[in-house]
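Per-entry structural report
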Amino acid sequence: MSANESYRKIWQQAALIPAGQVASYGQIAKLAGLPRRAARMIGRALGAAPVEMQLPWYRVVNAQGKISIPKGRPRFVQQCALLEQEGIEVRDGQLDMDKYRWDPSLDELIWGPGMLHDPSAEAGDN
DNA sequence: CGTGTGACTGACC
DNA sequence: AGGTCAGCCACAC
């Protein structure tokens, strides 16, 4: 599998993360059908994503619920802001994974198989 | 073509 | 709660 192909799958999965929720790099790797070891590649893929794609890259944090971008970089501040904008409590670059972790299977349980759920519809009020 | 470097993870201490 | 370590792999030099 080419790296380019992997990127495409990664972007595809990352785009599915509902507003107000987050996923870990490993989680995206798994959803994209990639080995767990590919976790590191996720960050690279997200960074390489075209801006016009409007990918919710900021909804991806590491397995500990921490923002993996080093503090001090503009991206770090931006990620915090965007997450809080969706009602996620970010404290010192860290959030509660138990609370905000996206669970695709639970998602399906609630909305039903094949049911499309538009997160943006409820992202505004809080 | 060899080496170093991360937007990582799980395991251990 | 923190710190370390090995495994991984695309990419830049």
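Above this text sits the structure in question.
Let us look at the structure shown here. (Residues numbered from 1 in each chain as written. Chains lettered and ligands numbered in written order. Predicted model: local features only at pLDDT ≥ 70, side-chain atom pairs only at ≥ 80, totals over all residues. Heavy atoms only, no water.)

1. A closer look at the environment of Lys 99
Rule in force here: A run of DSSP states H or I qualifies as a helix once it reaches four residues; a run of E qualifies as a strand once it reaches two. Both are numbered from the N-terminal end. Note on classification: 1.4 Å probe, protein chains only; a residue is buried when its accessible area is under 20% of the maximum for its type, exposed when over 50%, partly exposed between these limits. For the purposes of these results, a polar contact is taken to be a pair of N or O atoms within 3.5 Å, where, inside protein, one atom must be able to donate a hydrogen and its partner to accept one; residues adjacent in sequence count only when each atom of the pair is a side-chain atom.
Summarising the element assignment, Lys 99 is placed in helix H5 (residues 97-100). On the basis of relative accessible area, Lys 99 is assigned to the exposed category, the value being 53%. Polar contacts involving the side chain of Lys 99 include one to the side chain of Glu 89, which spans 2.6 Å.

2. Regarding helix H3 (residues 39-48)
For clarity, the threshold we go by: As used here, the arc belongs to the directions running from the helix axis to the C-beta atoms. Here, residues are in contact when the closest pair of their heavy atoms is within 4.5 Å.
Listing the buried residues of H3 in full gives Ile 42, Ala 45 and Leu 46. Axial view of H3: buried residues confined to an arc of 100°, hence all on one face. Projecting away from the buried face of H3 at angles above 90 degrees are the exposed residues Arg 40, Arg 44 and Gly 47. Looking at the buried residues of H3, the elements they touch are helix H1 (3-14), helix H2 (25-31) and strand E2 (60-61).

3. A closer look at the packing of aromatic side chains
Operational definition: Between rings of Phe, Tyr and Trp, where Trp is taken as its six-membered ring, a pair exists when centres lie within 6.5 Å; planes separated by under 30 degrees are stacked, by over 60 edge-to-face, and by other angles tilted. In our convention, an over-ring charge means Lys NZ or Arg CZ found within 6 Å of a ring centre and within 35 degrees of that ring's normal.
A full pass over the atoms with the stated rule returns two aromatic pairs. Ring centres of Trp 57 and Tyr 58 lie 5.9 Å apart, and the angle between their planes is 85°; on these two criteria the pair is classed as edge-to-face. The class for Trp 57 is buried, based on a relative accessible area of 15%. Overall, the relative accessible area of 12% leaves Tyr 58 in the buried class. A cation over a ring is seen here: Arg 75 above Trp 57, with NZ or CZ 4.9 Å from the ring centre.

4. Considering the pattern of salt bridges
Stated formally: Any Lys or Arg side-chain nitrogen found within 4 Å of a carboxyl oxygen on Asp or Glu counts as a salt bridge.
Throughout the structure, instances matching the rule amount to three salt bridges. Linking Arg 59 and Glu 86 is a salt bridge whose minimum nitrogen-to-oxygen distance equals 2.7 Å. In this pair, Arg 59 sits in the loop between H3 and E2 while Glu 86 sits in the loop between helix H4 (74-85) and H5, placing the two residues 27 residues apart along the sequence. Judged on exposure class, the residue Arg 59 and its partner Glu 86 are both buried. Two residues, Lys 71 and Asp 92, come together in a salt bridge whose shortest N-O distance is 2.9 Å.

5. Considerations on H4
Using the following cut-off: Multiplying 1.5 Å by the residue count of a helix minus one yields the expected span of that helix.
Helix length check: H4, at twelve residues, gives a terminal C-alpha distance of 17 Å against a target of 16 Å (1.5 Å per residue), a fit within 8%. Among the residues of H4, Phe 76, Gln 79, Cys 80 and Leu 83 are the ones counted as buried. Viewed along the axis of H4, the buried residues span an arc of 100°, placing them on a single side of the element. Opposite the buried face of H4, by more than 90 degrees, sit the exposed residues Pro 74, Val 77 and Gln 85. On its buried face, H4 is in contact with E2. Where H4 ends, the next residue or the one after it, Gly 87, has phi of about 90°, a positive value.

6. Some words on the layout of surface pockets
Inclusion rule: The definitions used throughout rest on a 1 Å grid laid over the protein atoms alone, on which a cavity is an enclosed set of points accommodating a 1.4 Å probe that cannot get out and a pocket is an open set flanked by protein within 12 Å on both sides along at least five of seven lines; lining residues are those having an atom within 4 Å of a point. Grid points are joined across faces, edges and corners, and a volume is the space filled by probe spheres set on the points.
Considered as a void within the structure, the largest pocket measures approximately 630 Å³ in volume. Lining the largest pocket are 23 residues; nearest its centre among them are Gly 43, Leu 46, Gly 47, Trp 57 and Arg 75. When residues of the lining of the largest pocket are traced back to their parent elements, those giving at least two are H3 and H4. If you tally residues by element for the lining of the largest pocket, the top one is H3, at six residues.

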